[in-house]
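# Summary of the model geometry
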Amino acid sequence: MSRKNNINKMNKERVNIYIDGSNTFHAQKKLGWIIDWVKVKKYLIKTYDIVEFKYYTGLKDGDEPTKSFLRYLSKVGVDVVTKPLKKILLDKNDLMFTHSKDGYVYKANFDVEMTADMLLETEDINRIIIFSGDSDFAYLVKKLKSLGRGTTVVSSRKTIAWELKLEKAEIIFLEDIESQIRKT
């Protein structure tokens, strides 16, 4: 590494990036466009020294498109964390309020895993960047701030929880950086 790159890297905040795959997937659906994770990485590298870049998602048996996407993420340097989706049978009342075609809902909640990683993987880290608008992360943001960790939440204006806004973390709205991260 050249001396110039070494000096430039020393001046940047060291960050870990954690992506809530499900939450980000739903944000993209609402936005009507897809995030290009290679572009996201290039966008963030301009400002930060990225130490960890993790993507958390549930995986359904036989879901080849998702497996292919996860292989792509691994190939471009994103650590993928998966677990099987739970298949939960809905009762008649639940069916009225969901879009389930087969009477089941599929879930893989990663809030605990993401929180544990964010709290335990902080050695020499200045900032945590969370791609999620989930209100469950509001308390975590508060704790990270009390530990002296800078915290940035990346989400859509359409999907960010008001509880996250109240924690006064830095917020980057996907809509504001669309031209730099949108898949073309």
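Scoring rules and cut-offs
- Residues numbered from 1 in each chain as written.
- Predicted model: local features only at pLDDT ≥ 70, side-chain atom pairs only at ≥ 80, totals over all residues.
- Heavy atoms only, no water.
- Helix = DSSP H or I, 4+ residues; strand = E, 2+ residues; numbered from the N terminus.
- Contact = heavy atoms within 4.5 Å.
- Areas by Shrake-Rupley, 256 points an atom, 1.4 Å probe, with all protein chains shown as cover.
- Salt bridge = Lys/Arg side-chain N within 4 Å of Asp/Glu carboxyl O.
- Patch = residues over 30% accessible without salt bridge, like charges linked within 9 Å, V, L, I, M, F, W, Y side chains within 5 Å.
- Buried < 20%, exposed > 50% of the residue type's maximum accessible area, 1.4 Å probe, protein only.

Take the overall build of the protein chain next. Scanning the protein chain from N- to C-terminus turns up nine helices and eight strands. Taking the intrachain contacts of the protein chain between residues at least 6 apart in sequence as the baseline, contacts between residues at least 24 apart amount to 64%. Per element, the accessible surface of the protein chain, about 11,100 Å² overall, is 52% carbon and sulfur.

This brings us to the pattern of salt bridges. What the rule picks out here adds up to nine salt bridges. Arg 127 is the salt-bridge partner of Glu 13, the closest N and O atoms lying 3.0 Å from each other. Of this pair, Glu 13 sits in strand S1 (residues 13-20) while Arg 127 sits in strand S6 (residues 127-131), and the two are 114 residues apart along the sequence. Linked by salt bridges that have partners in common, Glu 13, Arg 127 and Glu 170 make up one network.

What follows is about a nonpolar patch on the surface. Taken together, Leu 119, Leu 120 and Leu 147 make up a surface patch of nonpolar side chains, about 320 Å² in accessible area. In this fold, Leu 119 is placed in helix H6 (residues 111-120). Among the residues examined, Leu 119 registers a relative accessible area of 36% and is labelled partly exposed.

No statement about biological role is implied by the geometric values presented.
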